[in-house]
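As a plain string of letters, each chain reads:
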Amino acid sequence: MKNSVKYFAVLIAVIANLSDIQAQNDSYFKGGNLYILNSSHQDIAWMDAPEVCIRFRDENMITPALKRMAESKDFCFDVEDALSLREYLERHPDRYNDILKYTLEGRLSWGATNKQPYQSMYDGEALIRQVYFGRKWLKKTLPGCDFRTAWNEDVPGMALQFPQILAKAGIPYYQFSRHQPGFYKWFSPDGSFVLGWTVGQYDESGIPIRKAAADEDKRTDAFADILSQWAPYYKQRGISPSYIFLFSFDFSEPLNWDKYIADWNGKVAGANEKKLPYIHYATSTMALDELSKHQTKFDELHGERPNVWLYIHGPAHQRALKAGRDASRLLTAAEKFATFDALLKNSFANYPARSLSDAWESAIYPDHGWGGNKGDITDRMFRGKFEFARDKGKELLNESLTSIAHQIKFNKEHQRAVTVFNPLSWERTDPVTFTLDVEGWQNTHFKLIDESGKEIACQLTGQHQYTGNRDEVISVVFVAENVPAMGYKTYYLTDGTQPAGNFQIPTTVPAYENKYYKVVLGNGGIESLYDKELKSEFFQTKKFSGGELFTMQSKGNGAGEFTDVQQPTMEGFDQLRNYKQQWQCIETGAVRDVFQTIQPLKETQACLRIVLYKTVKRIDVEVDLNRFNGENWREFRLAFPVNMKQAKVAYEVPMGVVEVGKDEIAGAAGFSKASQIYSTPCKDVHPREVQDWFSASDGKTGLTISSDVAVFDWIDPTDKPVDYPVLQPVLLASRKSCHWLGNYYLQAGDHSYSFSLFTHSGNWQNGYRQGTQSKQPLQVVVSIPQNYSGTLPAQYSFGSVTGKGVVVSTVKKCDDDDSVVLRCYDIEGKDTEATFRLSGKVEAVSHTNIIEEEPVAVQSSENGFSAKIGHHAIETFKLKMH
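Here the structure is a predicted model, which means the values were calculated and not measured. (Residues numbered from 1 in each chain as written. Predicted model: local features only at pLDDT ≥ 70, side-chain atom pairs only at ≥ 80, totals over all residues. Heavy atoms only, no water.)

Asker: Tell me what's going on with empty space enclosed by the protein, and back it up with residues and numbers.
Answerer: Tallied over the full model, the rule gives 10 cavities of 30 Å³ or more. Approximately 320 Å³ is the volume attributed to the largest cavity. The set of elements that each furnish at least two residues to the lining of the largest cavity consists of α5 (124–141), α11 (318–345), β29 (648–653), α14 (768–775) and β42 (806–813). With 5 residues, the top contributor of residues to the lining of the largest cavity is α11. Counted by class, the lining of the largest cavity contains 10 nonpolar, 8 polar and 7 charged residues. Mapped onto the lining of the second largest cavity, the elements with two or more residues apiece are α11 and β37 (726–733). Sort the elements by how many residues they give to the lining of the second largest cavity and α11 lands first, with 6 residues. Per-class residue counts for the lining of the second largest cavity are 8 nonpolar, 4 polar and 5 charged. (1 Å grid on protein atoms, 1.4 Å probe; cavity = no way out; pocket = protein on both sides within 12 Å on 5 of 7 lines; lining within 4 Å. Points joined across faces, edges and corners; volume = space filled by probe spheres on them. Helix = DSSP H or I, 4+ residues; strand = E, 2+ residues; numbered from the N terminus. Nonpolar A, V, L, I, M, F, W, Y, C, P; charged D, E, K, R; others polar.)

Asker: Please provide a residue-by-residue account of the sheet that holds strand β49 (residues 874–881), values included.
Answerer: In space, the 5 strands of this open sheet follow the order β42-β43-β49-β45-β46, with antiparallel pairing throughout. Bordering the open sheet on either side are β42 and β46 (856–858), each of which pairs with just one other strand. The average undirected angle you get between the axes of adjacent strands in this sheet is 30°. Of the strands in this sheet, β42, β43 (820–826) and β49 touch α5, which is tilted by about 45° from β42. Docked against the sheet, α11 engages β42, β43 and β49, running at close to 60° with respect to β42. (Pairing = 2+ DSSP bridges. Axes fitted to C-alpha atoms, helices over the stretch in contact; angles between N-to-C directions. Contact = heavy atoms within 4.5 Å.)

Asker: Could you give an account of helix α3 (residues 83–91), naming the residues involved and the relevant values?
Answerer: Counting buried positions along α3 gives 7 out of 9 residues, so the element sits mostly inside the fold. Structurally, α3 contributes buried residues whose contacts are with α2 (50–71), β2 (77–79), α4 (96–104), β3 (108–110), α5 and α12 (353–363). (Buried < 20%, exposed > 50% of the residue type's maximum accessible area, 1.4 Å probe, protein only.)

Asker: Describe the layout of surface pockets, naming the residues involved and giving the relevant values.
Answerer: Approximately 1,400 Å³ is the volume found for the largest pocket. Contributing to the lining of the largest pocket are 45 residues, with T433, S754, S774, P777 and L778 lying nearest its centre. Ranked by residue count, the leading element in the lining of the largest pocket is strand β12 (residues 428–437), at 6 residues. Looking at the second largest pocket, it is lined by 19 residues, and the ones nearest its centre are Y132, F133, A353, S357 and D815. Partitioned by chemical class, the residues of the lining of the second largest pocket number 8 nonpolar, 1 polar and 10 charged.

Asker: Account for the pattern of salt bridges, naming residues and giving values.
Answerer: Counted by the stated rule, this structure contains 68 salt bridges. One salt bridge in this structure joins K374 and D48, with 3.2 Å as the shortest N-O distance. With K374 in the loop between α12 and α13 (375–405) and D48 in the loop between β1 (33–38) and α2, this residue pair connects regions lying 326 residues apart in the sequence. The exposure class assigned to D48 is buried, which follows from its relative accessible area of 16%. (Salt bridge = Lys/Arg side-chain N within 4 Å of Asp/Glu carboxyl O.)

Asker: Run through the sheet that holds strand β35 (residues 701–706), naming residues and quoting values.
Answerer: If you trace the 9 strands from one edge of the open sheet to the other, you get β24-β25-β26-β27-β38-β35-β34-β29-β30, paired in antiparallel fashion. Across the chains shown, the open sheet's two edge strands, defined by having one partner strand only, are β24 (584–587) and β30 (656–659). Going across the sheet, the axis of each strand differs from the next one's by a mean of 25°, ignoring polarity. As paired strands, strand β26 (residues 605–613) and strand β27 (residues 619–628) are joined by 8 bridges and run antiparallel to one another. Note on β27: the bridge partner recorded for A606 is L625. Of the strands in this sheet, β34 (693–697), β35 and β38 (749–761) are in contact with α14, which crosses β38 at around 155°.

Asker: Can you lay out α12 for me, pointing to particular residues and giving the numbers?
Answerer: Among all positions in α12, only L356, A359, W360, S362 and A363 are buried. Along the long axis of α12, the arc covered by the buried residues comes to 160°, so they all point the same way. The inward-facing, buried residues of α12 contact α5, α11 and α13. (Arc of directions from axis to C-beta.)

Asker: Before we move on, could you go through the side chain of S783 and cite the residues and values that matter?
Answerer: Note on placement: S783 falls in strand β39 (residues 779–783). The residues contacting S783, other than those within four sequence positions of it, are A405, H406, F410, Q415, R416, A417 and Y788.

Asker: Describe in detail the side chain of E853, supporting the description with residues and values.
Answerer: With respect to the helices and strands, the residue E853 is situated in the loop between β45 (842–848) and β46. E853 sits in the buried class, given a relative accessible area of 17%. A polar contact of 3.2 Å, which involves the side chain of E853, links it to the side chain of K139. Setting aside its immediate chain neighbours within four residues, E853 contacts R135, K139 and T848. (Polar contact = N/O pair within 3.5 Å; in protein donor to acceptor, adjacent residues only side chain to side chain.)

Asker: Go over the packing of α3 against α5 with me, naming the residues and quoting the values.
Answerer: At a minimum axis distance of 10 Å, the contact between α3 and α5 shows a crossing angle of 40°. Regarding the angle of α3 to α5, the classification is oblique. Where α3 approaches α5, its residues L85, R86 and L89 are matched on the opposing element by F133, W137, L138 and T141. Class assignment of the residues belonging to the contact of α3 with α5 gives a composition of 5 nonpolar, 1 polar and 1 charged. (Parallel < 35°, antiparallel > 145°, perpendicular 65-115°, else oblique.)

Below, the structure written as structure tokens:
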């Protein structure tokens, strides 16, 4: 009996305590603020075709929002991105003054990025251009206004360096979605951060309010419940009693709660029996400014959140993404050499600023809205944007390279000058291929020499075996050694005594051998790769051969309401080693030997080539999927099974490197909505988005592979998975849009890929340069020496940086004047004192933010300047040149 009395006494005390806690929770926001953020989630196109969505943003979102602002001096509206303003002004230039007025008042807000992309779909410079065409463009277009909140309302992922890019562009706030609701300081590894906030899944938070419809009492009760649920979170962290409520869903329209808000605030000013806060329309920046005023223990996130929707871009839109990646590489090279050409001429009069801007705008146009309703139209438009940017980048780069080449003082005794250009910020040695028109040659044979007359080994490629016709175009490959950083080196073609090549055909039985490797080719691919210098076997080939193609069922959407990456399954599994391969040497010479095998499969004809070089430690693996029949739910990958059980996997991300298991945010992304709880720890999410290379190493040796795809994996996806890494570029996946009216991503036809393998000692830090070089190749201009009388030396560097791990990402004309902008970043995670040099005399240097604003003077000399580049830092400098 005593125990029962004691039990009930404790129970009553607990209930009383809970009631007291509930009362405290219910009163926490009393007299505080309830900010109503009214927005509308807008992919470029998802709900319908692009033109229909643009019209909706005009007629159903921005025009009504302007009308509401004219009616109510309190109404506020958030537009998620800058692109929506560009679209609207193209349709309604007459509304500019209204837009400027309301934006100056702070009631109309525009997101500080161009659009809301898959961040790691883009490389670093392309991702930075999101804030150039976002906040920078907005400030120029709407003078006197500022834009300090970036939105990414839909994508479940965050690139490692994106918080730094935002922070250094003057954007302190970030509104995101599909994450455990709350406020977070999200850090990049350099220590910079943005204050982010999320309501979970953006649409879900507004459902209780929308269900209340016009019933204002139910709406008020729903708000009271929401506030009560959030009160403990706010109290624990000391957050001021200002709750942010986001009213936004796909194609939502501006609210009119004027009367409701007035009635609500009247009750708060009176008895306030429900202990309510005051309610206001607000923008995201207004609300976060208010919360940031107070000393608050915001939760912290450090690192990358891997994107679980990654299948939708690279694997599901392979041709488009390849064009997009090529576009970014070409455009950064084009603006570097256009700048160097302008410095040579001491004038930016012919700098192609408008063309570069148009190309960059196209290169970053596609957002996260691939597929969707009428998605075939959207996908064609996105691919067209990427292809325009790629082709324009190629055109602009060729114009600048040709202009520079024709300013070189050539040796006119030779038939052709071959000028090799290096866009990267370190000296490099790499294979290079160029085409040659031999019309008018005096001799049917030629040789390649350097400036001193030393003969350089070269050979005709397998695509262009020379037949002796003098009107023929041929393709030549050679190894260009020690090409200066951000510079060039000149070679010459002159008459020879015999054709390049004419070597005994090598075999792979029992093994192929050069100075670096012993290689055995067999069924599937490379059965053995032995590094003679490191005395190490790099492949474990019991299950997969090196470079082996395999296929699996790939049933999924790429993007959708799922909580983890939809993995391939074993249905229809096939691999090349199931067939007996016949390897044939299709090209041999002084530079390289090329072996090929062709194997018909059910869905495609696979062609696998292995390229081995005589004088560089590199192996190229090329694969063609010819005449893929577009079978739905089909995926193709290559396998590189690494002979290291304790290997660490690392890969390049925009302006940085992620080491798996180390650089992801801690834990899982958590609750997004009741039916969407991200429970997989972020370190375990796979595959991953990748830039130029991925790598595996055990500390003693490493394998780095240049990437020709946007997505890779390292975990064996088959049944009975192996316990060592299997590096796998994901070539393509024929999936379907998650929209119920969406299109299939079938991708029938031909697909080609190229990867380069580099074995080395140590970890990824000893391989990343080679991986980068393979995807950002040397460029060649062939000239007739007798046609030009230049003054430049035969080889030259226009710029360089000393400082291990510091990479120059671009050199460009400043957007606002004729200064030169140099941007760099640390990739190795170490503080570095770096010294920079550019051709020409430096008059003054300033350190700026990432969009070339807020200059701070840096000490310099005529030859250049030095600066401390912090670990993982992205830094931008502005140079005034003589």
